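These are the residues of each chain, in order.
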Amino acid sequence: RGGGAAGGGGGAQPSLCVYIMTLAVAADRRRSGLASHLLRGIMSEAEADARVGCVYLHVITYNEAAIRFYEKHGFVRVCVLEDYYDVGGVMW
């Protein structure tokens, strides 16, 4: 995430990364703010821990809604991993 997620003082150098493996909301609960609430909770926990220096995740390239969601919340695209996901025998 842009701007870093490292917590405040203490002098300790951040040495850990938080990986968001899955953040999903049921279709009938989307656009309710639930995903934003969950992400804020994750970020709050990460920022409170001075050992955490980054928060990262992967999003399949065709999930434009998820990409927009994370960008809206300050995440930046660092790279695109070709053939990272196998979906029904098709590599994305």
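The structure we're discussing is the one just above.
Residues numbered from 1 in each chain as written. Predicted model: local features only at pLDDT ≥ 70, side-chain atom pairs only at ≥ 80, totals over all residues. Heavy atoms only, no water.

Q: Would you mind showing me how to read the overall build of the protein here?
A: What the protein contains, in helices and strands, is 2 helices and 4 strands. Going through the 92 residues of the protein one by one, you find that 20% of them count as buried. Sequence separation of at least 24 residues holds for 71% of the intrachain contacts in the protein that already meet a minimum separation of 6. Of the roughly 6600 Å² that the protein leaves accessible, carbon and sulfur atoms contribute 53%. (Helix = DSSP H or I, 4+ residues; strand = E, 2+ residues; numbered from the N terminus. Buried < 20%, exposed > 50% of the residue type's maximum accessible area, 1.4 Å probe, protein only. Contact = heavy atoms within 4.5 Å. Areas by Shrake-Rupley, 256 points an atom, 1.4 Å probe, with all protein chains shown as cover.)

Q: Before we go on, may I ask you to explain the packing of helix α1 (residues 34-48) against helix α2 (residues 64-72) in this structure?
A: Packed helix pairs are specified by the crossing angle of their axes together with the interaxial distance, meaning the distance between the axes. Viewed as axis vectors pointing N to C, α1 and α2 meet at an angle of 50°, and their least axial separation amounts to 11 Å. The pairing of α1 with α2 is recorded here as oblique in orientation. Of the two elements, α1 crosses α2, and the hand of that crossing is right-handed. Residues A35, S36 and L39 of α1 form the contact with α2, whose participating residues are F69, Y70 and K72. Within the contact of α1 with α2, the residues separate by chemical class into 4 nonpolar, 1 polar and 1 charged. (Axes fitted to C-alpha atoms, helices over the stretch in contact; angles between N-to-C directions. Parallel < 35°, antiparallel > 145°, perpendicular 65-115°, else oblique. Left-handed = near helix turned anticlockwise from the far one by under 90°. Nonpolar A, V, L, I, M, F, W, Y, C, P; charged D, E, K, R; others polar.)

Q: Hey, could you run me through unusual backbone geometry in this one?
A: Peptide bonds are trans in most cases, and residues, glycine excluded, mostly fall at negative phi. One non-glycine residue, R31, adopts positive backbone phi at about 65°. As for its position among the elements, R31 is in the loop between β1 (16-20) and α1. The phi angle at D83 is positive, at roughly 55°, despite the residue not being glycine. You can see D83 is positioned in the loop between α2 and β3 (86-87).

Spatial relationships are all this shows, so hold off on functional conclusions.
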